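Listed below are the residues making up each chain.
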Amino acid sequence: MTYVKACALSELEENAPKRVELDGTPVSIVRAEGEVFAINDICSHANVSLSEGEVEDCMIECWLHGSAFDLRTGKPSGLPATRPVPVYPVKIEGDDVLVSLTQES
């Protein structure tokens, strides 16, 4: 797998999504519950940025219609979204957050 630097770990606040673009792909980087997650930043229901939503209990909520997606799997918790969004492998090296655009799910 090829990893690219997404941001610095020190830039991330707990439960505050950070939008980055990696090779033309919008990705939301989220520090939650002691881990760092990378999830595609576009809601599968409404085509809006997930990084503008809130994070709670390892879920990121779409601000437009309220669908929430699991940061670990990308699966929606309920309607109106029915399709998951891609999640990506993350590794931390020093203060660098590295992401592979190879999908985990």
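Higher on the page you've got the structure.
Reading the values: rules and limits
Residues numbered from 1 in each chain as written. Predicted model: local features only at pLDDT ≥ 70, side-chain atom pairs only at ≥ 80, totals over all residues. Heavy atoms only, no water. Core = buried A, V, L, I, M, F, W, Y, C linked by side-chain atoms within 4.5 Å. Buried < 20%, exposed > 50% of the residue type's maximum accessible area, 1.4 Å probe, protein only. Helix = DSSP H or I, 4+ residues; strand = E, 2+ residues; numbered from the N terminus. Pairing = 2+ DSSP bridges. Contact = heavy atoms within 4.5 Å. Salt bridge = Lys/Arg side-chain N within 4 Å of Asp/Glu carboxyl O. Patch = residues over 30% accessible without salt bridge, like charges linked within 9 Å, V, L, I, M, F, W, Y side chains within 5 Å. Areas by Shrake-Rupley, 256 points an atom, 1.4 Å probe, with all protein chains shown as cover. Lys, Arg positive; Asp, Glu negative; His and termini not counted. Charge placed at Lys NZ, Arg CZ, Asp CG, Glu CD. Phe/Tyr/Trp six-rings, centres within 6.5 Å; stacked < 30°, edge-to-face > 60°. Lys NZ or Arg CZ within 6 Å of the ring centre and 35° of its normal.

Enquirer: Explain the nonpolar core residue by residue, including any values.
Expert: Formed by 16 residues in total, the largest nonpolar core has its most connected members in Ile 39, Leu 50, Ile 60, Phe 69 and Leu 71. Looking at this core, the elements with two or more residues in it are strand 3 (25–32) and strand 4 (35–40). Grouped together as the second largest cluster of nonpolar side chains are 13 residues, Leu 12, Leu 22, Ile 29 and Tyr 88 included.

Enquirer: Can you lay out the sheet that holds strand 2 (residues 18–22) for me, pointing to particular residues and giving the numbers?
Expert: Spatial strand order, 2-3-4-8: four strands in an open sheet with antiparallel pairing. Since the sheet does not close on itself, it has two edges, and those belong to strand 2 and strand 8 (87–88), each with one partner. By the bridge criterion, six bridges tie strand 3 to strand 4 in an arrangement that is antiparallel. Note that in strand 4 the partner of Val 30 across the bridge is Phe 37.

Enquirer: Give a description of the environment of Pro 76 that names residues and reports values.
Expert: Inspection of the secondary structure puts Pro 76 in the loop between strand 7 (68–70) and strand 8. In this structure Pro 76 comes out as partly exposed when scored by relative accessible area, which is 21%. It is 9.6 Å that separates the C-alpha atoms of Pro 76 and Cys 43, two residues lying 33 residues apart in sequence. Excluding anything up to four places from it in sequence, Pro 76 contacts Ala 68, Phe 69, Ala 81, Thr 82, Arg 83 and Pro 84.

Enquirer: Go over the pattern of salt bridges with me, naming the residues and quoting the values.
Expert: All told, the structure shown has five salt bridges when counted by the stated rule. Linking Lys 5 and Asp 96 is a salt bridge whose minimum nitrogen-to-oxygen distance equals 3.1 Å. In this pair, Lys 5 is assigned in strand 1 (residues 4–8) and Asp 96 in strand 10 (residues 96–99), connecting sequence segments 91 residues apart. By relative accessible area, which is 49% here, Lys 5 ends up partly exposed. Relative accessible area serves as the criterion here: at 29%, Asp 96 is assigned to the partly exposed category.

Enquirer: Please set out a negative patch on the surface residue by residue, giving values where relevant.
Expert: Taken together, Glu 14, Glu 33, Glu 35, Glu 54, Glu 56, Asp 57 and Glu 61 make up a surface patch of like negative charges. With respect to the secondary-structure elements, Glu 54 resides in the loop between strand 4 and strand 5 (55–56).

Enquirer: Go over the packing of aromatic side chains, please, and point to the residues and values.
Expert: For the structure shown, the criterion picks out zero aromatic pairs. For the cation-ring pair, Lys 91 lies above Tyr 3, with the distance from its terminal atom to the ring centre recorded as 4.4 Å.

Enquirer: Describe in detail the pairing of strand 3, supporting the description with residues and values.
Expert: For strand 3, the tally of buried residues reaches six of eight residues, placing the bulk of the element in the interior. Alignment of strand 2 against strand 3, held across five bridges, turns out to be antiparallel. Considered in strand 3, the bridge of Leu 22 is made with Thr 25. Counted along the chain from strand 2 to the antiparallel partner strand 3, the turn is two residues long, and its residue Asp 23 has a positive phi close to 50°. The turn linking strand 3 back onto strand 4 is made up of two residues, and Glu 33 within it adopts a positive phi angle of 50°.

That is the geometry; function is a separate question.
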